[in-house]
Amino acid sequence: MLLPSCKIRKIPFVFTTGYDSATVLPERFAGHPVLNKPFSAEDVGRTLQTLLSRH
């Protein structure tokens, strides 16, 4: 699976979903950024800026 490999290698990633992220994402990914659909270009920019500032 791709996501565990990213987490192990400390490669930043963000989830996008149209569902309630609290119920559809596994517990091990709690705390990772989530963009809930629909989202704007500004939302993407803010999320990526936050994500990259952590690494």
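It should be noted that the structure appears before, not after, this text.
Here goes a summary of the coordinates provided. Small disclaimer: the values here were computed from a predicted structure and weren't measured.

Quick notes on the overall build of the protein chain
On a plain count of helices and strands, the protein chain comes out with three helices and two strands. When its helices and strands are written in sequence order, the protein chain yields α-β-α-β-α. Here the C-alpha coordinates of the protein chain stretch approximately 30 × 25 × 15 Å along the principal axes. Scored against the burial criterion, the 55 residues of the protein chain give a buried share of 16%. Across the protein chain, every contact between residues at least 6 apart in sequence was considered, and the portion connecting residues at least 24 apart equals 24%.

A word on the environment of L25
Along the chain, L25 falls in the loop between α2 (21-24) and β2 (34-36). A sequence separation of 10 residues divides L25 from F15, and the C-alpha atoms of the two residues are 8.9 Å apart. With residues up to four places along the chain from it excluded, the contact list for L25 reads F15 and V34.

As for the side chain of T17
Along the chain, T17 turns up in strand β1 (residues 15-17). Of the polar contacts made by the side chain of T17, one reaches the backbone nitrogen of Y19; its length is 2.9 Å. Among residues more than four places away in sequence, those in contact with T17 are V24, V34, L35, N36 and K37.

With respect to the packing of aromatic side chains
For any pair of aromatic rings, geometry is given as the distance between the ring centres together with the angle between the planes. A full pass over the atoms with the stated rule returns three aromatic pairs. On the numbers, 5.5 Å between centres and 90 degrees between planes, the contact of F13 with F15 is edge-to-face. Both residues of the pair, F13 and F15, belong to the buried class. Three or more aromatic residues link up through ring pairs in this structure, and these residues are F13, F15 and F29.

Each value, and the rule that gives it
- Chains are numbered independently. Their residues run from 1 in the order of the written sequence.
- Given that this is a predicted model, residues contribute local features only at a pLDDT of at least 70 and side-chain atom pairs are listed and counted only at 80 or more, while totals for whole chains, interfaces and linings are drawn from all residues.
- For the side-chain quantities, the full set of heavy atoms in the structure was used; hydrogens and water were omitted.
- In this text, helices come from DSSP runs of H or I with a minimum length of four residues, and strands from runs of E with a minimum of two, each type numbered from the N-terminal end.
- Burial here depends on accessible area, computed with a 1.4 Å probe over protein chains only, as a share of the maximum for the residue type. Under 20% is buried, over 50% is exposed, and the range in between is partly exposed.
- Throughout, a residue-residue contact means that at least one pair of heavy atoms, one from each residue, lies within 4.5 Å.
- Pairing of N or O atoms within 3.5 Å defines a polar contact, subject to two protein rules: one partner must be a possible hydrogen donor and the other a possible acceptor, and residues neighboring in sequence count only if both atoms are side-chain atoms.
- Pairing of aromatic rings covers Phe, Tyr and the six-membered ring of Trp, with a centre-to-centre limit of 6.5 Å; geometry is then stacked below 30 degrees between planes, edge-to-face above 60, and tilted otherwise.

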